Amino acid sequence: RLCSTRVAQGGINKPIIDRIIRVDHAGEYGANRIYAGQMAVLGRSSVGPVIQQMWNQEKVHLKKFNELMVAYRVRPTVLLPFWNVAGFVLGAGSALLGKKGAMACTVAVEESISEHYNNQIRTLIEEDPEKYKELLQVIKQFRDEEQEHHDIGLEHDAETPAYSVLKTAIQLGCKAAIFLSERI
Ligand SMILES: [Fe+2]
Ligand SMILES: [Fe+2]
């Protein structure tokens, strides 16, 4: 029965696909935890609906990567329990700095993720755009939506000079998270 959800694996570059799906699943999982943390603090504030709207899209992203993990038979990163806590702490922590702190976090994370998705799109096109058509379509759509989240953050005054240190720190964290989730 499960076979219907599986993808024919003949000829695909399994190590590359494993790595892409594992890290993207981890990222979308972490994004969900960040927005959950922000909602715990700012859910009833004026930016609550904006955060909820972005979170709803992250839920769709995560669901898709859950499906892709089954279809391509990829195991999740062993770091999920850690991203569970780290994501929530980052979301809640940034929200405790106020609305601008939360939005600065969103801008930092979504910028990193958009760039990360762009790198993957490049990799898959270099591999074989026809073979990875479905995956490319998913990643391109999500890249566009992360870009929208980034822009929503900017519209909410995320770019105050005081947060440039925060942004740098968060983006370093994202790089480390990506590096680790691709590998373990
Ligand atoms: Fe996402
Ligand atoms: Fe996002």
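Values in this document were obtained by computation on a predicted structure and should not be read as measured data.

## Comments concerning the overall build of the protein
Logical step 1: Within the protein one finds 6 helices and 0 strands.
Logical step 2: Listed by position from the N terminus, the elements making up the protein come as α-α-α-α-α-α.
Logical step 3: The C-alpha radius of gyration of the protein comes to 17 Å, within 12% of the 16 Å expected for a compact globule of 184 residues.
Logical step 4: Counting only C-alpha atoms and orienting by the principal axes, one finds that the protein spans roughly 50 × 35 × 25 Å.
Logical step 5: A buried classification covers 47% of the 184 residues belonging to the protein.
Logical step 6: Restricting to contacts in the protein with at least 6 residues of sequence separation, those with at least 24 account for 85%.

## Some thoughts on the coordination of the iron ion (ligand 2)
Logical step 1: The iron ion (ligand 2) binds to the protein through E58 (OE), E110 (OE), E110 (OE), E146 (OE) and H149 (ND1), with metal-donor distances spanning 1.8 to 2.5 Å.
Logical step 2: The sequence motif formed by the donor residues of the iron ion (ligand 2) is E-x51-E-x35-E-x2-H.
Logical step 3: Separation of the iron ion (ligand 2) from the iron ion (ligand 1) amounts to 3.7 Å, with E58 serving as a shared donor to the pair. Residue E110 is found in helix α4 (residues 99–127), and its partner H149 is found in helix α5 (residues 133–155); the two are separated by 39 residues along the sequence.

## Here we look at the UniProt feature "binding site: Fe cation 1" (unreviewed entry) in the protein
Logical step 1: Mapped onto this structure's residue numbering, the UniProt feature "binding site: Fe cation 1" (unreviewed entry) falls at E28, E58, H61 and E146. Spanning 119 residues, the named residues form one tight spatial group whose C-alpha atoms are at most 10.4 Å apart. From this annotated list, the subset lining the largest pocket comprises E28, E58 and E146.
Logical step 2: Position of E28 among the secondary structure elements: in helix α1 (residues 14–42).
Logical step 3: A relative accessible area of 1% means that E28 is categorised as buried.
Logical step 4: Leave out the neighbours within four places in its chain, and E28 touches E58, H61, L62, F65, Y117, F142 and E146.
Logical step 5: If you trace the backbone, E146 turns up in helix α5.
Logical step 6: What makes E146 buried here is its relative accessible area of 1%.

## A word on the nonpolar core
One broad trend across soluble globular proteins is that nonpolar side chains are buried collectively.
Logical step 1: Of all hydrophobic cores here, the largest spans 26 residues; its most connected members are I17, I21, Y72, L124 and L135.
Logical step 2: Elements represented by at least two residues in this core include exactly α1, α2 (48–71), α4, α5 and α6 (164–183).
Logical step 3: It is α4 that contributes the most residues to this core, 7 residues altogether.
Logical step 4: Residues in contact with I21, not counting those within four places in the same chain, are F65, L68, M69, Y72, V74 and L135.
Logical step 5: Core analysis: the next-biggest nonpolar cluster, separate from the first, contains 13 residues, Y35, A36, L42 and A95 among them.

## Examining α1
Logical step 1: Under the 1.5 Å per step criterion, the end-to-end length of α1 is 41 Å for 29 residues, consistent within 8% with the ideal 42 Å.
Logical step 2: Burial within α1 is extensive, with 21 of its 29 residues counted as buried.

## Some points on the layout of surface pockets
Logical step 1: The space that makes up the largest pocket amounts to roughly 460 Å³.
Logical step 2: Only α1, α3 (80–96), α4 and α6 provide two or more residues apiece to the lining of the largest pocket.
Logical step 3: Take the lining of the largest pocket: its biggest share by element is 8 residues, from α1.
Logical step 4: Here the residues of the lining of the largest pocket sort into 16 nonpolar, 6 polar and 5 charged.

Conventions and cut-offs
- Residues numbered from 1 in each chain as written.
- Chains lettered and ligands numbered in written order.
- Predicted model: local features only at pLDDT ≥ 70, side-chain atom pairs only at ≥ 80, totals over all residues.
- Heavy atoms only, no water.
- Helix = DSSP H or I, 4+ residues; strand = E, 2+ residues; numbered from the N terminus.
- Rg over C-alpha atoms; globule rule 2.2 N^0.38 Å.
- Buried < 20%, exposed > 50% of the residue type's maximum accessible area, 1.4 Å probe, protein only.
- Contact = heavy atoms within 4.5 Å.
- Donors = N, O, S within 2.8 Å, 3.2 Å for Na, K, Ca; no water.
- UniProt positions renumbered as here; feature names shortened; annotations may be inferred.
- 1 Å grid on protein atoms, 1.4 Å probe; cavity = no way out; pocket = protein on both sides within 12 Å on 5 of 7 lines; lining within 4 Å.
- Core = buried A, V, L, I, M, F, W, Y, C linked by side-chain atoms within 4.5 Å.
- Expected span 1.5 Å × (residues − 1).
- Points joined across faces, edges and corners; volume = space filled by probe spheres on them.
- Nonpolar A, V, L, I, M, F, W, Y, C, P; charged D, E, K, R; others polar.

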